[in-house]
Amino acid sequence: MSVKHPVVAITGSSGAGTTSVTRTFQEIFRREGINAAIVEGDSFHRFDRNEMKLAMAEAEQQRNLTFSHFGPEANLLTELETLFRDYGETGVGAVRRYLHDDEEAKPFGQPPGTFTPWTELPPGSDLLFYEGLHGAAVGEDIDVGRYADLLVGVVPIINLEWIQKVHRDKTERGYSSEAIIDTILRRMPDYVKHICPQFSRTYVNFQRVPTVDTSNPFTARTIPTADESFVVIRFADPKVIDFPYLLSMLHDSFMSRPNSIVVPGGKMDLAMQLIFTPLILRLMDKRPKRLR
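Residues numbered from 1 in each chain as written. Predicted model: local features only at pLDDT ≥ 70, side-chain atom pairs only at ≥ 80, totals over all residues. Heavy atoms only, no water.

Asker: How would you sum up the overall build of the protein? Please name residues and give values.
Answerer: Within the protein one finds eight helices and twelve strands. Taken against the 2.2 N^0.38 rule, which gives 19 Å for 292 residues, the C-alpha radius of gyration of the protein at 19 Å falls within 12% of a compact globule. Considered along the principal axes of its C-alpha atoms, the protein spans approximately 55 × 50 × 40 Å. Carbon and sulfur atoms form 52% of the exposed surface of the protein, whose accessible area is close to 14,900 Å². For the protein, the centre of its 33 positive side-chain charges and the centre of its 38 negative side-chain charges are spaced 3 Å apart. (Helix = DSSP H or I, 4+ residues; strand = E, 2+ residues; numbered from the N terminus. Rg over C-alpha atoms; globule rule 2.2 N^0.38 Å. Areas by Shrake-Rupley, 256 points an atom, 1.4 Å probe, with all protein chains shown as cover. Lys, Arg positive; Asp, Glu negative; His and termini not counted. Charge placed at Lys NZ, Arg CZ, Asp CG, Glu CD.)

This is the structure:
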């Protein structure tokens, strides 16, 4: 079966490290001469920054203390599903950008925390690359992941995820410890209900596990480094993975289960290069020649 226009989706929660994974894929695209249309999950939030504050205040007034970006109510999942479907069929689709800061907003003449207008992706890209919260989301009326040709989960163990979020929100956003903990608690029901199930639908998961004490993530002074971690890589279909090759190329790696390989944290980028380069090239080769 041919793949008309491949869709690759990286899914992981805020603070999970999906941004660094995106950089690895961008390097693969650059090296292999692949023109990828890159879409951020934030652009499919339902509310801009000020609207979200108002929506959260309204939810609190109604005693809904779990309203968050993780849940379907705060996201345009139907539009995301439509983008995946339309791109797979036609190579184009409707997108917009969320402008996180002044640097991103300045070229558009808009304030940060707002969305650009919806536009059509320019034709001619080789594949769609999505990085965000809901690449494998399933709901009553939507199934985003069924339109993706490659689904990847990025899932640090929960304490490490919290450490990364605490440090990012403190250093980059100036949030207090109390505000960060409130956010984590508010998101937890949606995390369990809407984020975790996605990692059972992915083709491969990358889970970083620190080898240092992270018992209290809210008092950790530093984020465990890559060299202070292992990465557990789980494959949904291990039959097509050349494990002997990976074990030979990734020094000090080992298999923990028939579908899982464990690699030193510092080898995560190399592991992704070795695993995803042939998978991406395989997707490209499956496209009809007239679309190349």
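Asker: Requested: an account of the nonpolar core, with residues and values cited.
Answerer: In terms of nonpolar packing, the biggest core is built from 35 residues, with Phe25, Leu150, Phe206, Ile233, Phe235, Phe276 and Ile280 touching the most fellow members. In terms of residue count, the dominant contributor to this core is helix α8 (residues 268–286) (ten residues). With sequence-adjacent residues up to four places away left out, Leu150 is seen in contact with Val7, Val8, Ala9, Tyr203, Phe276, Leu279, Ile280 and Leu283. In terms of nonpolar packing, the next biggest core, distinct from the first, is built from 20 residues, Leu83, Leu121, Ala136 and Ala148 among them. (Core = buried A, V, L, I, M, F, W, Y, C linked by side-chain atoms within 4.5 Å. Buried < 20%, exposed > 50% of the residue type's maximum accessible area, 1.4 Å probe, protein only. Contact = heavy atoms within 4.5 Å.)

Asker: Residue-level account of the packing of aromatic side chains, with values.
Answerer: Enumeration over the complete set of coordinates arrives at 13 aromatic pairs. Judged by centre distance (4.7 Å) and plane angle (40°), the rings of Phe25 and Phe276 are tilted. Placement of the pair is Phe25 in helix α1 (residues 18–32) and Phe276 in helix α8, with a sequence separation of 251 residues. For Phe25, a relative accessible area of 0% translates into the label buried. We classify Phe276 as buried; its relative accessible area is 0%. (Phe/Tyr/Trp six-rings, centres within 6.5 Å; stacked < 30°, edge-to-face > 60°.)

Asker: Kindly report on the packing of helix α5 (residues 158–173) against helix α6 (residues 177–195), identifying the contributing residues and their values.
Answerer: Running from N to C, α5 and α6 cross one another at 135°; their axes reach a closest spacing of 10 Å. Taken together, the axes of α5 and α6 lie oblique to each other. Taken as a pair, α5 and α6 cross one another with a handedness that is right-handed. Facing α5, whose interface residues are Ile158, Glu161, Trp162, Lys165, Val166, Asp169 and Lys170, α6 presents Ser177, Ile180, Thr183, Ile184, Arg187, Met188 and Tyr191. For the contact of α5 with α6, the per-class residue count stands at seven nonpolar, two polar and five charged. (Axes fitted to C-alpha atoms, helices over the stretch in contact; angles between N-to-C directions. Parallel < 35°, antiparallel > 145°, perpendicular 65-115°, else oblique. Left-handed = near helix turned anticlockwise from the far one by under 90°. Nonpolar A, V, L, I, M, F, W, Y, C, P; charged D, E, K, R; others polar.)

Asker: Which residues make up the sheet that holds strand β2 (residues 36–40), and what values go with them?
Answerer: Ordered in space as β2-β7-β1-β8-β9-β10-β12-β11, the eight strands form an open sheet in which the pairing is mixed. The open sheet terminates on both sides in strands that have one partner only, identified here as β2 and β11 (254–257). Here the strands of the sheet are splayed against their neighbours by 20° on average, with no regard to which way each runs. Where β2 lies against strand β7 (residues 127–132), five bridges are found, and the strand directions are parallel. (Pairing = 2+ DSSP bridges.)

Asker: A description of α5 should follow, citing residues and the corresponding values.
Answerer: Over its 16 residues, α5 runs 21 Å from end to end, which matches the ideal 22 Å to within 8%, given 1.5 Å per residue. Among all positions of α5, only Asn159, Leu160, Glu161, Trp162, Ile163, Gln164, Lys165, Val166, His167 and Asp169 are buried. Taken together, the buried residues of α5 touch α6 and β9 (204–210). Gly174 lies just past α5 and shows a positive phi near 70°. (Expected span 1.5 Å × (residues − 1).)

Asker: Any details on the side chain of Asp190? Residues and values, ideally.
Answerer: Its place among the elements puts Asp190 in helix α6. Buried and unpaired, Asp190 has no salt bridge, with Lys193 as the nearest side chain of opposite charge at 6.6 Å. (Salt bridge = Lys/Arg side-chain N within 4 Å of Asp/Glu carboxyl O.)

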